[in-house]
Amino acid sequence: MSEETIGHGTWYDMMAKKVIERERSLNRDMSKVRTEMGLGASGFPHIGSLGDASRSYAVTLALKNLNCNSELIAFCDDKDGLRKVPAGISKDMEKYLGYSVSSIPDPFGCHESYGKHMSSLLLDALDKCGIEYKYYSAKQVYEEGLLLNEIRTILINAKKVGEIVKQEVGQETYTEVLPFFAVCEKCGHLYTTRAYKFDPKTDKVSYKCEGLEIRGKLIAGCGHEGEVDIKSGEGKLTWKSEFAARWKALDIRFEAYGKDIADSVRINDRICREVLCFEPPSHAKYEMFLDKGGKKISKSAGNVFTPQVWFNYGSPQSLLLLMLKRFVGTRTLGVSDIPAYMNELDSLEEVYFGKKQVGEKEATKLKGLYLYCYVMKPPAKPSVHVPYNLMAFLVKMAPKECLNDYVTEKLQSYGYLQKNQTLDANLLQRIKYALNWTRDFEEIKETEVELTAEEKKAIAELITKLQTEDDPDKIQNAIFNAAKDNAIKPGAFFKTLYQVLMGAPQGPRLGPYVLAMGKQNVLAALQRVLSKS
RNA sequence: GGGUCCGUAGCUCAGUCAGGCUAGAGCGGCGGACUCUUAAUCCGUAGGCCGCGGGUUCAAUUCCCGUCGGACCCGCCA
């Protein structure tokens, strides 16, 4: 029932407070409280991957705000094996199934490996959002032996680990097999090996390359039997123990996770506590993002909605707003939601700068949310807020040759810009988003227009008049006169003209627009429709 | 079989660190105004057992339990 606002009044502030309280009660060192996120490297990053990052980072920011030093660890899973070739990538890649993603080539040829290519896409999105992190590559972590102690402890206590897995999810594999994938020294596969013995004296794991079935597909093993030194980096813990090792080795205190790996987290919590004797990090479970069809947005399915797609139409901050606005709840989303988030961000900005009045409690919360969207680095002053639809409409109607001038003029006359104010960087960016949007989703269609006899006559008259008229107001008048002279309601006639000229039922004031569009073009279009019908 | 989320106006949804006045917004609908129309504007208006049933409370859309409906995740592997 406390009415006191914690931090910035968001969910993240509350979470940070809980983390701090928990760490205090555990009596742990608080000089640096680390949060962690996983960085997928086996497929195209999707919106959900960024959700993990942005929420963890928000907790880091909240911790800092509560005077608790914190940093976000981005742990890149580039040691994982390729399990499925994502849609959009050549089927040739199938020959690499079962190999570590950092050891197979980049199909796009621009990075040193497949894993690097994929993870860099997500890192790029993080950078655009202003999310700061400390980067760890799994490959490097294994090569440098950062997890050595944990790997040893886990392998020595493999029986207990297997027991935990069995108790938690009923899977019995690990009561027989060690939770470790060795890279086969003969064929190089990662997922085809079964580790069956660990010798603590030599640090060596004995394995046999037997093959693995993934979704009904068999990746053949080569039958090789060998040994691998866990110090060599030629192998990794399976997921049902690797988290635990990471948490302890990197001293992680908070990690958010999607509900799809809830089981794995539960198991790792126990391994962390019972085998590694390290109290696992605080957790927050979030729901998955679904696309409009209600299907989980998956890295390998064809329906990838990547951060890069978002950035075509909306700002990084608007994407963070989507991520941070709500923590619970399955979100269904699609590209079509972007304008709404852009507008909502503007509205938050108005609240933040005191231009829009809301209740005190609500204002605190909304301002906090705004700050998180800007990762605590808000602009010094608000930008010009042009509603997304309006901008899309304007760029759609604008003649291509003088787009910026046309938009500037319109924004001035609507009062969004002062009389001699011009487009700033923010507005130019908004124009870019709107252009991409209209180009991809609102292509102007050639619509067939049926004309009545009166309309034909009116258009013919208008054509004559237009040929000698160059004043916008007079052209506007000519249109009204052409309508009235032929007993057509002006409203209806305008509608017809809009249909003919731009395929929409309404549009900008026509007089000036005819000139902006180029009078010859308009005349040609009118003549075309006359000769057609 | 285990678990999670959702259910609020015709539609899309706010209302989740914190239970509190008469439950909101946008779009749509309906009625009206404006003979010179810039997502057209302006005015007015209807529409809700907040899925259902219990519980806690002075007070529940909000918290708890149950239930129905919808969706998803796990039950291979990671």
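So, here is what we can say about the structure in this document. Please read all numbers here as calculations on a predicted model, not as lab measurements. (Residues numbered from 1 in each chain as written. Chains lettered and ligands numbered in written order. Predicted model: local features only at pLDDT ≥ 70, side-chain atom pairs only at ≥ 80, totals over all residues. Heavy atoms only, no water.)

## Let's talk about the pairing of strand S12 (residues 282-286)
A regular strand carries its side chains on alternate faces of the sheet.
(1) Moving on: Alternating positions in S12 separate cleanly, Ser-282, Ala-284 and Tyr-286 being buried on one face and His-283 and Lys-285 remaining unburied on the opposite face.
(2) Moving on: Bridge count between strand S11 (residues 252-258) and S12: five bridges; the pairing is parallel. The residue of S12 that forms the bridge with Ala-256 is Ala-284.
(3) Moving on: This β-α-β element, S11 to helix H9 (residues 262-275) to S12, shows right-handed connectivity. (Buried < 20%, exposed > 50% of the residue type's maximum accessible area, 1.4 Å probe, protein only. Helix = DSSP H or I, 4+ residues; strand = E, 2+ residues; numbered from the N terminus. Pairing = 2+ DSSP bridges. Right-handed = clockwise from strand over helix to strand, strands pointing away.)

## Let's talk about the pattern of salt bridges
(1) Moving on: For the coordinates displayed, the defined rule picks out 27 salt bridges.
(2) Moving on: With a shortest N-O distance of 2.8 Å, Glu-23 and Arg-28 are connected by a salt bridge. Pair check on accessibility: Glu-23 and Arg-28 agree, each one buried.
(3) Moving on: Between Arg-270 and Glu-168 there is a salt bridge whose closest N-O contact spans 2.9 Å. Placement of the pair is Arg-270 in helix H9 and Glu-168 in helix H6 (residues 158-169), with a sequence separation of 102 residues.
(4) Moving on: Connected through shared salt-bridge partners, Glu-36, Asp-77, Asp-80, Lys-236, Glu-242 and Arg-246 make up one network. (Salt bridge = Lys/Arg side-chain N within 4 Å of Asp/Glu carboxyl O.)

## Digging into helix H15 (residues 403-414)
Owing to its 3.6 residues per turn, the α-helix brings residues three or four apart onto one side.
(1) Moving on: Look at H15: 16 Å from first C-alpha to last across 12 residues, which is about the 16 Å you get at 1.5 Å a residue.
(2) Moving on: Buried residues of H15: Leu-403, Tyr-406, Val-407, Thr-408, Lys-410, Leu-411 and Gln-412, and no others.
(3) Moving on: Packed against the buried residues of H15 are helix H14 (388-397), helix H16 (425-441) and helix H20 (510-517).
(4) Moving on: Gly-415, located one to two residues past H15, shows a positive phi value of around 90 degrees. (Expected span 1.5 Å × (residues − 1). Contact = heavy atoms within 4.5 Å.)

## Overview of the sheet that holds strand S5 (residues 193-199)
(1) Moving on: Across the sheet, three strands lie side by side as S5-S6-S9; this open sheet has antiparallel pairing. Looking at the sheet topology across the chains shown, the edges are occupied by S5 and strand S9 (225-229). Geometrically, the sheet is characterised by an average inter-axis angle of 30 degrees between neighbouring strands, direction not taken into account.
(2) Moving on: For strand S6 (residues 204-209) and S9, the ladder comprises five bridges, and the chain directions are antiparallel. The residue bridging Lys-204 from the neighbouring strand is Asp-229, located in S9. (Axes fitted to C-alpha atoms, helices over the stretch in contact; angles between N-to-C directions.)

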